[in-house]
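Architecture and fold: a report
Here is what each chain is made of, one letter per residue.
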Amino acid sequence: MTCASCVGRVERAIAAVPGVDAVAVNLATERAHITFAKAGTDLRQIEAAVRQSGYAPVETAIELSVSGMTCASCVGHVEKALRAVPGVVDATVNLATERASVKTLAASDITPALVKAVAGAGYEASPVAAADGDAASRQQAAKDEEQGKLLRSVIIAGLLTLPLLVVEMGSHMVPALHHWLAGSFGEWNIRVFSFVLATIVQFGPGLVFLRKGFPALLRGAPDMNSLVMLGTGAAYLYSSVATFLPDLLPAGTEGTYFESGAVIVTLILLGRWFEARAKGRTGAAIRSLIALQPKTARVLRDGAESDVPVESVRPGDVVILRPGERVPVDGEVTDGTSFVDESMITGEPAPVRKEAGSTVTGGTVNGSGALRITAQKVGSDTLLAQIVRTVQAAQGAKLPIQALVDRVTLWFVPVVIALALVTFAVWLTFGPSPALSHALVNAVALLIIACPCAMGLATPTSIMVGTGRGAELGILFRQGDALQALKDVEIVALDKTGTLTKGKPELTDIEPAAGFSADDVLRLVGSAENRSEHPLAQALVAAAKARGLALAEPADFASDPGRGVTATVEGRKVAIGGHRLMEEAKLDIAPFASRARALAEAGKTPLYAAIDGKIAAVIAVADAVKETTPAAIAALHRLGLKVAMVTGDDHRTAQAVARGLGIDEVWAEVLPTDKAEVVKRLQSRGAKVAFVGDGINDAPALAQADVGIAIGTGTDIAIESADVVLMSGDVMGVPRAIALSQAVIANIRQNLAWAFGYNALLIPVAAGVLYPAFGILLSPVFAGLAMALSSVSVVTNALRLKRFRIPASHGAAGQEV
């Protein structure tokens, strides 16, 4: 595929296959993402449809070693199991060699799924290492080979075109050179020499345009190659007739344009080479992520250590990690102490201490200590593999802004061809002498100047670079359209606990009522809360244990989210919670109200403890604000956004925290189930709302928001309710994500403005509209140069996003890139 018209044709061809529900084709990634309405759709129909539309789907061959087969029946079972794996086109199994050859159209590595399918059929399989590396290496090798072919074509075309330019253009510009060449070699011989050079260029390096453009034209679906083929072909044929059959042309129109066709072929090939190199850089983030996966792992099996391919590591295996090595799989540390660099996951530069019980993530780098790890997630289940899939899915998405491009490119090339025919007819009828020459030159220039390539690359290249840069910053866009939606957000609503704060509250105060002791109250309360996983509950349990208090097993435990907990401990009725729980139990908290108010105004969360129907103590718990939270709130304000805080804390505590952070709006005493309602009320003002939470308790609010942003922990990104996942717990990722969204959309708009503006401005110029007033005509050579540079300009502009950083001051994010 070379332009947006190609994308439209491939999409329509695939969509017409029975069973296809939706399809999105991405020019920059050269991938099609297909959703099927039903299982079992024959992928060979997809492959055939793509080929019939004039394009070549890329097949990946995977070799498996299969053991346990004894007869032809076994072969049939294995083949059936492999062919049932989504993405497989065909599979053949050889009993003698015990090998399975699988052809797949899947863009990602489906080897683990194939191995699992064989195991499900009752056999064992393992991948056979390819000589040229893994799937990513093979894909990159193919792209490098393509660039090499383009470069060779450019060099050959350039070497042949240079003498043409000297002979043809030089003779026009320097009369003395023309006279010398004509006198020394003869004008006829010079024309034949030019014909030979132009023929080699046209049917050598330029044959690619004919091979792809002519079939597309016959199918009634012309593309960019068709335009180049028609333009250069017309110039070549006209010049050939003028050379060998000049009597067929009107007098005075026997001029030749061999150099124009050759220069155009050379320039467009040069442009495609630059474009291929630039497009290769847009996928650098994905390649760098994939490169983080070690090739081997040192595994302890049967009491012996051995280095094995990482693909053969299984959950439960014990992996030995030496100092300085990359972690090969996700797992849990069982022995050893070290510091691990997790910056590739979280974006945080400081290494994290790991000891027995700590989790480690594949791709991270071990420090100076040695660790023993039990593998938990391997292959496609690892966090690194999930990140790669998430980024690839976002890169393949089509944003709403792309809809206009799709509508235009559907008709672009046919309209350009029609305009070229009209231009030819108008100049032939009304143009000055020699009319035929003028008509040909302007029609050819119009065909060459038109560039749907730039329009097709405008959006996907920016998305590729932007999402890749986001991954480097620990920002994962699970939904591609979140890139555009996030730009329009006006209000950012943030959950307090675990988002703005560390999520690890600590007991700060306990003031018992008359007749109760602090330790006795804390022991009973800690026992009651021992079954709760709420952060406040865990703070009380931790405080009781820290004082050496023996906790008892609670009975009749009941948790009321947003209110508190009740339980029976050693025969005593215990209740711990906020004022609402006490009021519902008809307990008088008035004597303690002033103290609770003072604690709340200090930014602490006041709780009441009741024992056997009496208020026993006022307890205060505080959750420290994350160090980066104030800077994040300030950055959101610099981006022109309003910030709201949503919390279950009472109003005084919430207001105290908000004042310290400069938050604009506070929603306090909100039950977890009511957070989505808060988002609705914010949206009812007509504002676009982003909600930021931990992705689990806040799932309804994340789903309700225009954009849901989940604060991740670096261990699990499968947060289905969120559109954007921040891999670290750093809330600074929120303004980074929004600023990145603004930068990407600004970049896309720049690309589209250039792509559409380029065509809108230069197509009329190529047609000759400036000639009557100014006597200006556009040479086909300059048209070819402009066309070649247009798509390169778009990709180069998109690559600026690799240098994205959050704006240091108020202003458009795109201006800081």
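About the criteria used
- Residues numbered from 1 in each chain as written.
- Predicted model: local features only at pLDDT ≥ 70, side-chain atom pairs only at ≥ 80, totals over all residues.
- Heavy atoms only, no water.
- Helix = DSSP H or I, 4+ residues; strand = E, 2+ residues; numbered from the N terminus.
- Buried < 20%, exposed > 50% of the residue type's maximum accessible area, 1.4 Å probe, protein only.
- Expected span 1.5 Å × (residues − 1).
- Contact = heavy atoms within 4.5 Å.
- 1 Å grid on protein atoms, 1.4 Å probe; cavity = no way out; pocket = protein on both sides within 12 Å on 5 of 7 lines; lining within 4 Å.
- Points joined across faces, edges and corners; volume = space filled by probe spheres on them.
- UniProt positions renumbered as here; feature names shortened; annotations may be inferred.
- pLDDT = per-residue confidence, 0-100.
- Patch = residues over 30% accessible without salt bridge, like charges linked within 9 Å, V, L, I, M, F, W, Y side chains within 5 Å.
- Areas by Shrake-Rupley, 256 points an atom, 1.4 Å probe, with all protein chains shown as cover.
- Salt bridge = Lys/Arg side-chain N within 4 Å of Asp/Glu carboxyl O.
- Lys, Arg positive; Asp, Glu negative; His and termini not counted.
- Charge placed at Lys NZ, Arg CZ, Asp CG, Glu CD.
- Pairing = 2+ DSSP bridges.
- Phe/Tyr/Trp six-rings, centres within 6.5 Å; stacked < 30°, edge-to-face > 60°.

This brings us to unusual backbone geometry. Backbone torsion omega between S433 and P434 reads -5 degrees, so that peptide bond is classified as cis. Structurally, P434 is set in the loop between α14 (402-430) and α15 (435-449). The backbone of D556 shows a phi angle near 55 degrees, a positive value even though the residue is not glycine. Position of D556 relative to the elements: it lies in strand β19 (residues 555-560). D556 gets classed as exposed once you look at its relative accessible area, which sits at 58%. Located in the positive-phi region is K586, a residue other than glycine, with phi close to 60 degrees. Within the secondary structure layout, K586 lies in the loop between α21 (579-584) and α22 (590-601). Accessibility expressed as a relative area gives 73% for K586, which makes it exposed.

The topology assignment puts S790 in helix α29 (residues 780-799). Along the backbone, S790 and I491 are 299 residues apart, and their C-alpha atoms lie at a distance of 38 Å.

The end-to-end C-alpha distance of helix α20 (residues 535-546) is 16 Å, a good match for the 16 Å that twelve residues give at a rise of 1.5 Å each. By the burial criterion, the buried members of α20 are A537, A539, L540, V541, A543 and A544. Looking at the buried positions of α20, the neighbouring elements they touch are β18 (506-512), α19 (518-529), β21 (572-577), β22 (605-611) and β23 (614-622). Positive phi appears at G548, one or two residues downstream of α20, with a value of about 75 degrees.

According to the stated counting rule, one finds three cavities of 30 Å³ or more in the structure shown. The calculated volume of the second largest cavity comes to roughly 60 Å³. In terms of lining residues, the second largest cavity is bounded by M224, I268, G271, R272, E275, C453, M787, A788 and S791. Taken together, the elements giving at least two residues each to the lining of the second largest cavity come down to α10 (258-282) and α29.

Our next topic: the UniProt feature "transmembrane region" (unreviewed entry) in the protein. UniProt tags residues 150-170, 190-210, 226-245, 257-274, 408-430, 436-459, 752-771 and 777-799 as "transmembrane region" (unreviewed entry). Between the end C-alpha atoms of residues 752-771 there is a gap of 28 Å, over a span that is 85% helix and 0% strand.

With that settled, consider the confidence of the model for the protein. Overall, the prediction assigns the protein a mean pLDDT of 84, with 91% of residues at 70 or greater. Per-element confidence in the protein is highest for strand β24 (residues 642-646), whose mean pLDDT is 95, and lowest for helix α12 (residues 343-346), whose mean pLDDT is 70. Here residues 714-718 scores under 50 on pLDDT; set against residues more than four positions off or in separate chains, the count is 17 contacts.

Quick look at a positive patch on the surface now. On the surface, a cluster of positive charge is made up of R277, R281, K802, R803 and R805. Examined against the element boundaries, K802 turns out to sit in the segment after α29. A relative accessible area of 33% places K802 in the partly exposed class.

In terms of strand pairing, strand β7 (residues 296-301) meets strand β9 (residues 318-321) through three bridges, oriented antiparallel. Residue pairing in the sheet places L300 in a bridge with V318 of β9. Here β9 pairs with strand β15 (residues 371-377) via four bridges, running antiparallel. Within the sheet, the bridge partner assigned to V318 lies in β15 and is T374.

Pairing is antiparallel across the open sheet formed by six strands, whose spatial order is β8-β7-β9-β15-β10-β13. Two strands bound the open sheet, and with one partner strand each, they are β8 (304-309) and β13 (359-360).

Further remarks concern the packing of aromatic side chains. By the definition in use, this model includes nine aromatic pairs. A ring pair is formed by F203 and Y236, whose centres lie 5.6 Å apart and whose planes are at 80 degrees; its orientation type is edge-to-face. Taken as a pair, F203 in helix α7 (residues 187-203) and Y236 in helix α9 (residues 224-244) lie far apart in primary sequence, 33 residues in all. On the accessibility criterion, Y236 (9% relative accessible area) is buried. Geometrically, the ring pair formed by W754 and Y758 is tilted, given 5.8 Å between the ring centres and 40 degrees between the ring planes. Here W754 pairs with Y758, and both are found in helix α27 (residues 733-767), just four residues apart, close to one helical turn. Residue W754 is classed as partly exposed on the basis of its relative accessible area, which comes to 40%. By the ring-pair criterion, three or more aromatic residues cluster together here, those being W188, F195, F203, Y236, F244 and F258.

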